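Geometric and topological summary
Residue-level listing of the chains:
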Amino acid sequence: MSRVYNFSAGPAVLPEEVLKEAAEEMLDYQGCGMSVMEMSHRSKMFQQIIDDAEQDLRDLMQIPDNYKVLFLQGGASQQFAAVPMNLMKNGKAGYIITGQWAKKAYQEAKKFGDAVELASSADKTFSYIPDCSDLDIPEDADYVYICQNNTIYGTVFKELPDTKGKTLVADVSSCFLSEPIDVTKYGVIYGGVQKNIGPAGVVIAIIREDLIPDVPPVQNTPTMLAWKTQADAASLYNTPPCYGIYICGKVFKWLKKMGGLEAMKALNEKKAAILYDFLDQSKLFKGTVRKEDRSLMNVPFVTGDADLDAKFVAEAKKAGFENLKGHRTVGGMRASIYNAMPIEGVEKLVAFMKKFEEENA
Ligand SMILES: *Cc1c(COP(=O)(O)O)cnc(C)c1O
(Lines give C-alpha, C1' and ligand atoms only; values in the text may rest on other atoms or scores of the structure.)
Protein backbone atom coordinates (compact mmCIF):
# COMPACT_ATOMS: atom_id res chain seq x y z
CA MET A 1 0.00 0.00 0.00
CA SER A 2 1.23 3.48 -0.72
CA ARG A 3 -0.38 6.82 0.05
CA VAL A 4 0.20 10.06 -1.80
CA TYR A 5 0.42 13.54 -0.37
CA ASN A 6 -3.06 14.76 -1.23
CA PHE A 7 -3.40 18.54 -1.60
CA SER A 8 -7.03 18.38 -2.75
CA ALA A 9 -9.30 21.30 -1.80
CA GLY A 10 -12.09 18.86 -1.01
CA PRO A 11 -13.00 16.13 -0.48
CA ALA A 12 -9.60 16.16 1.11
CA VAL A 13 -7.01 14.32 3.13
CA LEU A 14 -8.10 12.67 6.40
CA PRO A 15 -5.89 11.57 9.30
CA GLU A 16 -4.41 8.18 8.49
CA GLU A 17 -5.03 7.06 12.05
CA VAL A 18 -8.75 7.70 11.65
CA LEU A 19 -8.90 5.76 8.39
CA LYS A 20 -7.11 2.80 9.96
CA GLU A 21 -9.46 2.77 12.93
CA ALA A 22 -12.47 2.90 10.63
CA ALA A 23 -11.01 0.04 8.60
CA GLU A 24 -10.59 -2.06 11.72
CA GLU A 25 -14.18 -1.41 12.73
CA MET A 26 -15.62 -1.84 9.25
CA LEU A 27 -17.10 -5.32 9.66
CA ASP A 28 -17.78 -5.33 13.38
CA TYR A 29 -18.24 -2.06 15.24
CA GLN A 30 -17.42 -2.61 18.89
CA GLY A 31 -18.66 -6.18 19.01
CA CYS A 32 -22.13 -5.49 17.61
CA GLY A 33 -21.42 -7.67 14.57
CA MET A 34 -22.16 -5.02 11.97
CA SER A 35 -20.72 -1.93 10.36
CA VAL A 36 -21.81 1.58 11.36
CA MET A 37 -23.15 1.77 7.79
CA GLU A 38 -25.55 -1.04 8.55
CA MET A 39 -26.98 -0.01 11.88
CA SER A 40 -30.23 1.80 12.62
CA HIS A 41 -29.92 5.51 13.24
CA ARG A 42 -32.40 4.91 16.07
CA SER A 43 -30.15 2.36 17.77
CA LYS A 44 -28.43 2.97 21.12
CA MET A 45 -25.12 2.32 19.42
CA PHE A 46 -25.61 5.13 16.91
CA GLN A 47 -27.09 7.49 19.49
CA GLN A 48 -23.84 7.15 21.41
CA ILE A 49 -21.83 7.92 18.26
CA ILE A 50 -23.74 11.14 17.49
CA ASP A 51 -23.88 12.23 21.15
CA ASP A 52 -20.12 11.76 21.53
CA ALA A 53 -19.46 13.59 18.26
CA GLU A 54 -21.54 16.56 19.40
CA GLN A 55 -19.92 16.67 22.83
CA ASP A 56 -16.39 16.44 21.44
CA LEU A 57 -17.13 19.24 18.97
CA ARG A 58 -18.57 21.35 21.80
CA ASP A 59 -15.42 20.75 23.83
CA LEU A 60 -13.08 21.56 20.94
CA MET A 61 -14.82 24.81 19.96
CA GLN A 62 -16.08 25.72 23.44
CA ILE A 63 -19.58 26.05 22.08
CA PRO A 64 -21.88 27.72 24.62
CA ASP A 65 -25.05 25.92 25.75
CA ASN A 66 -27.32 28.38 23.98
CA TYR A 67 -26.07 27.19 20.59
CA LYS A 68 -27.48 24.14 18.84
CA VAL A 69 -25.17 21.82 16.95
CA LEU A 70 -26.85 20.24 13.93
CA PHE A 71 -25.55 17.49 11.68
CA LEU A 72 -27.24 18.03 8.33
CA GLN A 73 -27.16 16.92 4.70
CA GLY A 74 -27.34 18.79 1.43
CA GLY A 75 -23.84 20.21 1.45
CA ALA A 76 -22.84 23.72 2.36
CA SER A 77 -24.67 24.78 -0.79
CA GLN A 78 -28.05 23.87 0.66
CA GLN A 79 -27.43 26.21 3.59
CA PHE A 80 -27.10 29.02 1.03
CA ALA A 81 -30.92 28.72 0.88
CA ALA A 82 -31.57 27.65 4.47
CA VAL A 83 -29.84 30.75 5.88
CA PRO A 84 -32.19 33.31 4.27
CA MET A 85 -35.22 31.04 4.70
CA ASN A 86 -34.70 30.88 8.44
CA LEU A 87 -33.25 34.31 9.12
CA MET A 88 -34.89 36.81 6.73
CA LYS A 89 -37.57 38.18 9.04
CA ASN A 90 -37.29 41.64 7.49
CA GLY A 91 -36.51 40.16 4.10
CA LYS A 92 -33.10 41.81 3.95
CA ALA A 93 -29.48 40.80 4.45
CA GLY A 94 -25.98 42.05 3.71
CA TYR A 95 -23.42 39.91 1.87
CA ILE A 96 -19.67 40.39 1.62
CA ILE A 97 -18.53 38.95 -1.68
CA THR A 98 -15.04 37.51 -1.35
CA GLY A 99 -15.25 34.70 -3.87
CA GLN A 100 -17.35 32.22 -5.69
CA TRP A 101 -18.91 30.58 -2.63
CA ALA A 102 -19.95 33.91 -1.10
CA LYS A 103 -21.36 34.96 -4.47
CA LYS A 104 -23.36 31.76 -4.80
CA ALA A 105 -24.78 32.26 -1.31
CA TYR A 106 -25.66 35.86 -2.21
CA GLN A 107 -27.37 34.84 -5.43
CA GLU A 108 -29.36 32.16 -3.64
CA ALA A 109 -30.46 34.64 -0.94
CA LYS A 110 -31.79 36.95 -3.65
CA LYS A 111 -34.45 34.33 -4.38
CA PHE A 112 -35.92 34.84 -0.93
CA GLY A 113 -35.43 38.50 -0.18
CA ASP A 114 -33.35 41.59 -0.65
CA ALA A 115 -29.70 40.51 -0.51
CA VAL A 116 -27.45 43.56 -0.56
CA GLU A 117 -23.77 43.51 -1.52
CA LEU A 118 -21.90 45.27 1.30
CA ALA A 119 -18.38 44.86 -0.06
CA SER A 120 -16.58 42.85 -2.71
CA SER A 121 -13.10 41.97 -3.88
CA ALA A 122 -14.22 40.93 -7.37
CA ASP A 123 -12.21 43.81 -8.89
CA LYS A 124 -8.94 41.94 -8.27
CA THR A 125 -10.04 38.33 -8.80
CA PHE A 126 -10.86 37.99 -5.08
CA SER A 127 -7.18 38.14 -4.14
CA TYR A 128 -7.83 40.16 -0.96
CA ILE A 129 -10.36 40.73 1.80
CA PRO A 130 -12.10 44.11 1.50
CA ASP A 131 -12.09 46.58 4.37
CA CYS A 132 -15.08 45.66 6.53
CA SER A 133 -14.51 48.06 9.41
CA ASP A 134 -17.24 50.54 8.45
CA LEU A 135 -19.76 48.89 6.17
CA ASP A 136 -22.94 50.56 5.00
CA ILE A 137 -25.32 48.02 6.52
CA PRO A 138 -29.06 48.60 6.05
CA GLU A 139 -30.80 49.37 9.33
CA ASP A 140 -33.25 46.50 8.88
CA ALA A 141 -30.79 43.85 7.68
CA ASP A 142 -31.44 40.53 9.38
CA TYR A 143 -27.82 39.42 9.18
CA VAL A 144 -24.40 39.97 7.63
CA TYR A 145 -22.95 37.04 5.70
CA ILE A 146 -19.34 36.07 5.07
CA CYS A 147 -17.45 33.13 3.65
CA GLN A 148 -14.69 33.13 6.23
CA ASN A 149 -12.02 31.21 4.31
CA ASN A 150 -12.17 31.39 0.54
CA THR A 151 -11.22 27.93 -0.61
CA ILE A 152 -10.73 28.83 -4.26
CA TYR A 153 -8.84 32.11 -3.87
CA GLY A 154 -6.89 31.39 -0.67
CA THR A 155 -7.97 34.38 1.40
CA VAL A 156 -9.25 34.44 4.96
CA PHE A 157 -10.88 37.00 7.22
CA LYS A 158 -8.22 37.52 9.91
CA GLU A 159 -10.57 39.97 11.55
CA LEU A 160 -14.33 39.62 11.48
CA PRO A 161 -16.33 42.43 9.87
CA ASP A 162 -17.92 45.04 12.09
CA THR A 163 -21.56 44.03 11.67
CA LYS A 164 -22.77 46.99 13.74
CA GLY A 165 -24.76 44.71 15.99
CA LYS A 166 -26.27 42.57 13.23
CA THR A 167 -26.11 38.79 13.39
CA LEU A 168 -22.99 37.38 11.74
CA VAL A 169 -23.43 34.27 9.58
CA ALA A 170 -20.28 32.50 8.41
CA ASP A 171 -19.58 29.68 5.98
CA VAL A 172 -16.46 28.10 7.50
CA SER A 173 -16.32 25.01 5.27
CA SER A 174 -12.62 25.26 4.51
CA CYS A 175 -11.34 26.54 7.88
CA PHE A 176 -13.55 24.53 10.23
CA LEU A 177 -11.50 23.51 13.30
CA SER A 178 -8.26 24.88 11.86
CA GLU A 179 -7.89 27.27 14.79
CA PRO A 180 -9.91 28.42 17.80
CA ILE A 181 -12.73 30.88 17.13
CA ASP A 182 -14.98 32.78 19.52
CA VAL A 183 -18.36 31.21 18.78
CA THR A 184 -20.21 33.98 20.64
CA LYS A 185 -19.26 36.45 17.90
CA TYR A 186 -21.41 34.56 15.43
CA GLY A 187 -25.11 33.85 15.12
CA VAL A 188 -24.63 30.97 12.69
CA ILE A 189 -21.49 29.03 11.79
CA TYR A 190 -21.77 26.29 9.23
CA GLY A 191 -19.70 24.26 6.85
CA GLY A 192 -19.50 21.14 4.77
CA VAL A 193 -17.14 18.74 6.51
CA GLN A 194 -15.41 17.38 3.40
CA LYS A 195 -12.70 20.05 3.49
CA ASN A 196 -11.22 19.85 6.95
CA ILE A 197 -13.19 17.34 9.02
CA GLY A 198 -14.65 14.26 7.38
CA PRO A 199 -16.24 12.62 4.35
CA ALA A 200 -18.62 14.48 2.03
CA GLY A 201 -22.26 14.22 3.00
CA VAL A 202 -22.31 16.02 6.34
CA VAL A 203 -22.80 19.70 7.05
CA ILE A 204 -22.37 20.97 10.57
CA ALA A 205 -24.39 24.03 11.59
CA ILE A 206 -23.86 25.78 14.92
CA ILE A 207 -26.80 28.10 15.49
CA ARG A 208 -27.66 30.39 18.40
CA GLU A 209 -30.98 29.10 19.70
CA ASP A 210 -32.86 32.38 19.54
CA LEU A 211 -32.15 32.53 15.79
CA ILE A 212 -34.04 29.31 15.11
CA PRO A 213 -37.58 30.43 14.26
CA ASP A 214 -40.60 28.33 15.23
CA VAL A 215 -41.93 29.04 11.78
CA PRO A 216 -39.46 30.18 9.09
CA PRO A 217 -40.25 33.69 7.86
CA VAL A 218 -40.02 32.60 4.23
CA GLN A 219 -43.35 31.06 3.27
CA ASN A 220 -43.45 27.40 2.38
CA THR A 221 -39.91 26.70 3.55
CA PRO A 222 -39.52 22.95 3.08
CA THR A 223 -39.70 21.02 6.35
CA MET A 224 -36.16 19.76 5.86
CA LEU A 225 -34.78 23.28 5.46
CA ALA A 226 -36.38 24.65 8.61
CA TRP A 227 -33.60 24.50 11.20
CA LYS A 228 -36.29 23.96 13.86
CA THR A 229 -37.12 20.56 12.36
CA GLN A 230 -33.62 19.24 12.94
CA ALA A 231 -33.03 21.18 16.17
CA ASP A 232 -36.14 19.65 17.79
CA ALA A 233 -35.14 16.19 16.62
CA ALA A 234 -31.47 16.54 17.65
CA SER A 235 -30.40 15.99 14.01
CA LEU A 236 -32.48 12.80 13.78
CA TYR A 237 -35.66 14.03 12.09
CA ASN A 238 -34.88 11.66 9.25
CA THR A 239 -31.96 9.35 8.56
CA PRO A 240 -28.80 11.39 9.04
CA PRO A 241 -25.52 10.73 7.18
CA CYS A 242 -24.64 8.14 9.82
CA TYR A 243 -21.29 6.94 8.55
CA GLY A 244 -20.06 10.46 7.87
CA ILE A 245 -20.99 11.56 11.38
CA TYR A 246 -19.11 8.56 12.78
CA ILE A 247 -15.95 9.57 10.88
CA CYS A 248 -16.33 13.21 11.99
CA GLY A 249 -16.53 11.93 15.56
CA LYS A 250 -13.27 10.08 15.11
CA VAL A 251 -11.63 13.21 13.70
CA PHE A 252 -12.84 15.20 16.72
CA LYS A 253 -11.18 12.64 19.02
CA TRP A 254 -8.01 12.84 16.91
CA LEU A 255 -8.02 16.64 17.22
CA LYS A 256 -8.39 16.38 21.00
CA LYS A 257 -5.44 14.00 21.09
CA MET A 258 -3.41 16.40 18.95
CA GLY A 259 -3.91 19.02 21.66
CA GLY A 260 -7.07 20.76 20.48
CA LEU A 261 -7.49 23.82 18.30
CA GLU A 262 -4.67 25.93 19.82
CA ALA A 263 -2.23 23.17 18.94
CA MET A 264 -3.75 22.80 15.46
CA LYS A 265 -3.43 26.53 14.89
CA ALA A 266 0.27 26.45 15.82
CA LEU A 267 0.84 23.49 13.52
CA ASN A 268 -1.15 25.05 10.67
CA GLU A 269 0.80 28.31 11.00
CA LYS A 270 4.03 26.40 10.87
CA LYS A 271 2.98 24.44 7.80
CA ALA A 272 1.69 27.52 5.96
CA ALA A 273 4.87 29.48 6.79
CA ILE A 274 7.04 26.82 5.16
CA LEU A 275 5.15 27.27 1.91
CA TYR A 276 4.66 31.06 2.01
CA ASP A 277 8.29 31.70 3.01
CA PHE A 278 9.41 29.69 0.03
CA LEU A 279 6.99 31.50 -2.32
CA ASP A 280 8.18 34.90 -1.07
CA GLN A 281 11.77 34.24 -2.04
CA SER A 282 11.19 32.09 -5.13
CA LYS A 283 12.10 33.52 -8.52
CA LEU A 284 9.77 31.12 -10.31
CA PHE A 285 6.68 30.69 -8.14
CA LYS A 286 4.61 33.40 -6.59
CA GLY A 287 1.55 33.52 -4.34
CA THR A 288 -1.56 35.17 -5.75
CA VAL A 289 -3.00 36.63 -2.54
CA ARG A 290 -2.31 39.87 -0.67
CA LYS A 291 -0.01 38.92 2.19
CA GLU A 292 -2.24 40.15 5.04
CA ASP A 293 -5.14 38.03 3.83
CA ARG A 294 -3.41 34.72 3.22
CA SER A 295 -5.25 31.58 4.23
CA LEU A 296 -3.61 28.94 6.39
CA MET A 297 -5.57 26.27 4.54
CA ASN A 298 -5.54 26.99 0.80
CA VAL A 299 -2.42 28.33 -0.88
CA PRO A 300 -2.75 29.32 -4.56
CA PHE A 301 0.40 30.06 -6.53
CA VAL A 302 1.51 30.49 -10.15
CA THR A 303 4.64 30.61 -12.27
CA GLY A 304 3.09 33.15 -14.64
CA ASP A 305 3.40 30.71 -17.55
CA ALA A 306 0.45 28.38 -18.08
CA ASP A 307 2.57 25.72 -19.84
CA LEU A 308 5.07 25.69 -17.01
CA ASP A 309 2.23 25.45 -14.48
CA ALA A 310 0.91 22.40 -16.31
CA LYS A 311 4.37 20.85 -16.42
CA PHE A 312 4.76 21.42 -12.68
CA VAL A 313 1.41 19.82 -11.88
CA ALA A 314 2.23 16.80 -14.05
CA GLU A 315 5.71 16.28 -12.59
CA ALA A 316 4.43 16.80 -9.06
CA LYS A 317 1.83 14.11 -9.63
CA LYS A 318 4.51 11.68 -10.76
CA ALA A 319 6.45 12.44 -7.60
CA GLY A 320 3.45 11.63 -5.38
CA PHE A 321 1.97 15.10 -4.82
CA GLU A 322 -1.66 14.92 -5.91
CA ASN A 323 -4.34 17.48 -6.73
CA LEU A 324 -2.15 20.56 -7.02
CA LYS A 325 -3.93 21.99 -10.05
CA GLY A 326 -5.48 25.37 -9.25
CA HIS A 327 -9.17 26.15 -9.61
CA ARG A 328 -10.12 26.84 -13.20
CA THR A 329 -10.99 30.48 -12.38
CA VAL A 330 -7.53 31.22 -10.92
CA GLY A 331 -5.32 28.86 -12.92
CA GLY A 332 -1.88 27.84 -11.74
CA MET A 333 -1.62 25.72 -8.63
CA ARG A 334 -3.29 25.43 -5.27
CA ALA A 335 -2.03 23.46 -2.30
CA SER A 336 -4.70 22.79 0.30
CA ILE A 337 -2.93 22.04 3.54
CA TYR A 338 -5.74 21.11 5.89
CA ASN A 339 -5.36 19.80 9.45
CA ALA A 340 -4.67 16.25 8.31
CA MET A 341 -1.83 17.20 5.94
CA PRO A 342 1.32 16.20 7.82
CA ILE A 343 4.11 18.77 8.04
CA GLU A 344 6.40 16.39 6.09
CA GLY A 345 3.98 16.70 3.16
CA VAL A 346 4.54 20.46 3.02
CA GLU A 347 8.30 20.15 3.56
CA LYS A 348 8.59 17.62 0.76
CA LEU A 349 6.43 19.71 -1.55
CA VAL A 350 8.67 22.73 -1.00
CA ALA A 351 11.78 20.62 -1.62
CA PHE A 352 10.18 19.44 -4.86
CA MET A 353 9.33 23.03 -5.85
CA LYS A 354 12.95 24.08 -5.22
CA LYS A 355 14.22 21.32 -7.45
CA PHE A 356 11.70 22.20 -10.15
CA GLU A 357 12.76 25.83 -9.95
CA GLU A 358 16.43 24.92 -10.41
CA GLU A 359 15.67 22.66 -13.35
CA ASN A 360 13.45 25.21 -15.06
CA ALA A 361 15.36 28.41 -14.38
C1 LIG B 1 -16.66 23.49 -0.88
C2 LIG B 1 -17.31 24.70 -0.36
C3 LIG B 1 -18.69 24.90 -0.46
C4 LIG B 1 -19.61 23.94 -1.16
O5 LIG B 1 -19.75 22.80 -0.43
P6 LIG B 1 -20.79 21.65 -0.84
O7 LIG B 1 -20.81 20.82 0.39
O8 LIG B 1 -20.22 20.96 -2.04
O9 LIG B 1 -22.09 22.28 -1.13
C10 LIG B 1 -19.24 26.04 0.10
N11 LIG B 1 -18.45 26.93 0.74
C12 LIG B 1 -17.13 26.78 0.83
C13 LIG B 1 -16.33 27.80 1.55
C14 LIG B 1 -16.52 25.66 0.29
O15 LIG B 1 -15.18 25.51 0.40
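The notes below deal with the structure included here. (Residues numbered from 1 in each chain as written. Predicted model: local features only at pLDDT ≥ 70, side-chain atom pairs only at ≥ 80, totals over all residues. Heavy atoms only, no water.)

**Quick look at the layout of surface pockets**
The following threshold applies: The distinction between a cavity and a pocket rests on a 1 Å grid over the protein atoms alone: a 1.4 Å probe fits inside a cavity but cannot get out, while a pocket stays open yet meets protein on both sides within 12 Å along at least five of seven lines, and a residue with an atom within 4 Å of a point counts as lining. Grid points are joined across faces, edges and corners, and a volume is the space filled by probe spheres set on the points. In this text, helices come from DSSP runs of H or I with a minimum length of four residues, and strands from runs of E with a minimum of two, each type numbered from the N-terminal end. Polarity classes work like this: nonpolar for Ala, Val, Leu, Ile, Met, Phe, Trp, Tyr, Cys and Pro, charged for Asp, Glu, Lys and Arg, and polar for all others, with Gly in that last group. Throughout the structure description, domain borders are defined by an automatic or database domain assignment.
Looking at the largest pocket, its volume works out to about 520 Å³. Lining of the largest pocket is provided by 29 residues; of these, Q148, V156, F157, K158 and E179 occupy positions nearest its centre. The element that contributes the greatest number of residues to the lining of the largest pocket is helix α7 (residues 260-281), accounting for five residues. Split into classes, the residues belonging to the lining of the largest pocket amount to 16 nonpolar, four polar and nine charged. Counting only domains with at least three residues in the lining of the largest pocket, you end up with domain 1 (16-257) and domain 2 (260-360). Considering only enclosed or pocket space, the second largest pocket measures out at about 340 Å³ in volume. Along the walls of the second largest pocket sit 19 residues, with V13, L14, E16, A340 and P342 positioned nearest its centre. Every element with two or more residues in the lining of the second largest pocket is listed here: β1 (5-6) and α1 (16-24). Per-element accounting of the lining of the second largest pocket gives the leading share, three residues, to α1. In terms of residue class, the lining of the second largest pocket is made up of 14 nonpolar, two polar and three charged.

**Quick look at the nonpolar core**
The condition that has to hold: Residues enter a nonpolar core if they are buried and are Ala, Val, Leu, Ile, Met, Phe, Trp, Tyr or Cys, with the set joined through side-chain atoms within 4.5 Å. Buried means the residue's accessible area, taken with a 1.4 Å probe over protein chains only, is under 20% of the maximum for its type, while exposed means over 50%, and partly exposed covers the values in between. Contacts between residues were defined by any pair of non-hydrogen atoms, one from each residue, lying within 4.5 Å.
Counting residues in hydrophobic clusters, the biggest one holds 88 residues, and the most contacted among them are I204, I206, F252, F285 and F312. Per-element accounting of this core gives the leading share, 10 residues, to helix α6 (residues 242-257). Here I206 is in contact with M61, I63, Y67, K68, V69, F176, V183, G187, V188 and I189, once residues within four sequence places are set aside. Judged by nonpolar contacts, the second largest core, of 33 residues, contains Y143, I152, A205 and A231.

**Describing the side chain of N6**
Counted only if it meets this: As used in this structure description, the phrase polar contact means that two N or O atoms lie within 3.5 Å; if the pair is within protein, one of them must be able to donate a hydrogen and the other to accept it, and residues adjacent in sequence are counted only when both atoms belong to side chains.
Along the chain, N6 falls in strand β1. Separated by 3.0 Å, the side chain of N6 and the backbone nitrogen of S8 make a polar contact. Side-chain polar atoms of N6 contact the side chain of N323, separated by 2.8 Å. Other than its neighbours up to four places away in sequence, N6 contacts A12, V13, E322, N323, S336 and M341.

**Some words on the site of the ligand**
For clarity, the cut-off: Proximity is defined per residue: if any heavy atom of the residue lies within 4 Å of a molecule or strand, that residue is considered near it. Under the convention used here, a 1.4 Å probe and the Shrake-Rupley method define accessible areas, while residue burial counts only the protein chains that appear.
Neighbouring the ligand are the residues G75, A76, S77, F80, W101, C147, N149, T151, D171, S173, Q194 and K195. Taking S77, its side chain carries an N or O atom lying 2.6 Å from an oxygen atom of the ligand. Relative to its unbound accessible surface of 390 Å², the ligand loses 87% to contact with the protein. Ranked by residue count, the leading element in the shell around the ligand is helix α3 (residues 75-87), at four residues. Partitioned by chemical class, the residues of the shell around the ligand number four nonpolar, six polar and two charged.

**Re the packing of aromatic side chains**
Note the cut-off: Aromatic pairs are defined between Phe, Tyr and Trp rings, using the six-membered ring for Trp, whenever the two ring centres lie within 6.5 Å; interplanar angles under 30 degrees are classed as stacked, those over 60 as edge-to-face, and all others as tilted.
Applying the stated criterion across every chain yields a total of 16 aromatic pairs. With a centroid separation of 6.1 Å and 20° between ring planes, the pair formed by Y5 and F321 is classed as stacked. Remark: F321 occurs in strand β13 (residues 321-322) and Y5 occurs in strand β1; sequence separation between them is 316 residues. Relative to F312, the ring of F285 has its centre 5.1 Å away and its plane inclined at 70°; by these criteria the two rings are edge-to-face. Note that F285 is positioned in the loop between α7 and β11 (286-287) and F312 in helix α8 (residues 306-318), a separation of 27 residues in sequence. We classify F285 as buried; its relative accessible area is 1%. A relative accessible area of 0% means that F312 is categorised as buried. An aromatic cluster is built from Y5, F7, F278, F285, F301, F312, F321, F352 and F356, whose rings are joined through pairwise contacts.

Note that every value here comes from positions in space, so none of it alone points to a role or purpose.
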